[in-house]
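Secondary and tertiary structure notes
Below are the chains, spelled out letter by letter.
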Amino acid sequence: MTVEITSHEELRELLGVPGARAAAKERAVLHERDRQWLAAAPFCLVATAGADGTCDVSPKGDPAGFARVLDDRTIAVPERPGNRRADGYRNILDNPHVGLIFLIPGRTDTLRINGRAKLVRDAPYFDDMLVQGHRPVLAVEVAVEQIFYHCAKAFLRSELWRPETWQPDVLPSRARLIKEVETPAESLADLERHYGPTYADNLYR
């Protein structure tokens, strides 16, 4: 029998209260260590929700330091050419609240930033975000409201950074997955060519 949790009180009774350190770790201003973390992070996840509650989590990645610190309370994350769905960006236009998790490969803790976002189509700092000669398509500016470091337990439990546990071939190739799940018009051979060795040559075009 499934037993659902239906109240804040029930949830708190089940989980208990956070310890003093966990409860007090939130900040709203970037520390120098936060700046160093952002300078070392090549990857983040951006979570958004639309006005109707529709959610999206989008991965963002570039050379380390791609998220630019604009001041002690503002960061900017560049957008590169992608699939043009813009799910998260459409959410931001309706609801500016965002959550970001910044990862450093091999680190089992993460930096979390929550705040209010806006979409910027151009700004002077875009010239500092050049990669392979290409400026960002746009940038997400985030006014920091909450920032803190998250503990390592999820990464330790999942053994995420232990290469000996990795099984990249447990599923078919990207091309085969697309052919089987999305049933596109392209042939499997065409998809394999598209996602083959030359795929990485067009990351910024």
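Refer to the preceding data block for the structure.
Quantities reported herein were computed from a predicted structural model and do not represent experimental measurements.

1. Notes on the nonpolar core
- Ranked by size, the top nonpolar core spans 24 residues in total, and within it Leu38, Leu100, Phe102 and Ile113 carry the most contacts.
- Contributing elements (two or more residues each) for this core: α3 (32–40), β1 (43–49), β4 (74–79), α4 (87–94), β5 (97–103), β6 (110–120) and β7 (138–150).
- It is β7 that contributes the most residues to this core, five residues altogether.
- Filtering out sequence-adjacent residues up to four positions away, Ile113 remains in contact with Leu30, Leu38, Ile75, Val98, Gly99, Leu100, Phe102, Val144, Gln146 and Ile147.
- Among the nonpolar cores identified, the runner-up in size contains seven residues, and Ala76, Ala123, Met129 and Ala139 belong to it.

2. Side note on the pattern of salt bridges
- Taken as a whole and assessed by the stated rule, the structure comprises 14 salt bridges.
- Through salt bridges that share partners, Arg85, Asp87 and Arg90 make up one connected network.

3. Let's talk about the sheet that holds strand β2 (residues 55–61)
- The strand order across the open sheet built from seven strands is β2-β1-β5-β6-β7-β4-β3, with neighbouring strands paired in antiparallel fashion. On the outer flanks of this sheet lie β2 and β3 (68–71), each paired with one strand and no other. The mean angle between the axes of side-by-side strands here comes to 35°, regardless of whether they run parallel or antiparallel.
- As paired strands, β4 and β7 are joined by six bridges and run antiparallel to one another. Looking at the pairing, Glu79 lines up with Leu138 of β7.
- Packing of α3 onto the sheet brings it into contact with β3, β4, β5, β6 and β7, and relative to β6 it is tilted by some 80°.

4. Brief notes about α4
- Listed in full, the buried residues belonging to α4 are Asp87, Gly88, Tyr89, Asn91 and Ile92.
- At its buried positions, α4 is contacted by β1, β2, β4, β5, β6 and β7.

5. What about a nonpolar patch on the surface?
- Residues Ile5, Leu11, Leu14 and Leu15 make up a contiguous nonpolar surface patch of roughly 380 Å² in combined accessible area.
- Structurally, the position occupied by Leu14 is in helix α1 (residues 8–15).
- Residue class for Leu14 comes out exposed when judged on its relative accessible area of 58%.

6. Quick notes on the environment of Ser7
- If you trace the backbone, Ser7 turns up in the segment before α1.
- Of the polar contacts made by the side chain of Ser7, one reaches the backbone nitrogen of Glu10; its length is 3.0 Å.

7. Some points on the pairing of β6
- In the sheet, β5 pairs with β6 via six bridges, with the strands oriented antiparallel. From the neighbouring strand, Leu100 faces β6, where its bridge partner is Ile113.
- Once β5 ends, the chain turns through six residues before running back antiparallel as β6, passing Gly106 with a positive phi of about 90°.
- Pairing of β6 with β7, which is carried by 11 bridges, proceeds in the antiparallel orientation. Considered in β7, the bridge of Thr110 is made with His150.

8. Things to note about the packing of aromatic side chains
- In this structure the tally under the stated criterion is four aromatic pairs.
- Relative to Phe126, the ring of Tyr125 lies with its centre 5.4 Å away and its plane at 55°, an arrangement referred to as tilted.
- For Tyr125, a relative accessible area of 10% puts it in the buried group.
- The exposure class of Phe126 is buried, given its relative accessible area of 0%.
- Arranged with centres 6.1 Å apart and planes meeting at 15°, the rings of Phe155 and Trp161 form a pair that is stacked.

9. Describing the side chain of Thr74
- By the secondary structure assignment, Thr74 is in strand β4.
- According to the relative accessible area criterion, Thr74 is buried, its value standing at 15%.
- Residues contacting Thr74, with those up to four places away along its chain left out, are Leu30, Arg68, Val69, Glu141, Val142 and Val144.

What counts, and at which threshold
- Residues numbered from 1 in each chain as written.
- Predicted model: local features only at pLDDT ≥ 70, side-chain atom pairs only at ≥ 80, totals over all residues.
- Heavy atoms only, no water.
- Core = buried A, V, L, I, M, F, W, Y, C linked by side-chain atoms within 4.5 Å.
- Buried < 20%, exposed > 50% of the residue type's maximum accessible area, 1.4 Å probe, protein only.
- Helix = DSSP H or I, 4+ residues; strand = E, 2+ residues; numbered from the N terminus.
- Contact = heavy atoms within 4.5 Å.
- Salt bridge = Lys/Arg side-chain N within 4 Å of Asp/Glu carboxyl O.
- Pairing = 2+ DSSP bridges.
- Axes fitted to C-alpha atoms, helices over the stretch in contact; angles between N-to-C directions.
- Patch = residues over 30% accessible without salt bridge, like charges linked within 9 Å, V, L, I, M, F, W, Y side chains within 5 Å.
- Areas by Shrake-Rupley, 256 points an atom, 1.4 Å probe, with all protein chains shown as cover.
- Polar contact = N/O pair within 3.5 Å; in protein donor to acceptor, adjacent residues only side chain to side chain.
- Phe/Tyr/Trp six-rings, centres within 6.5 Å; stacked < 30°, edge-to-face > 60°.

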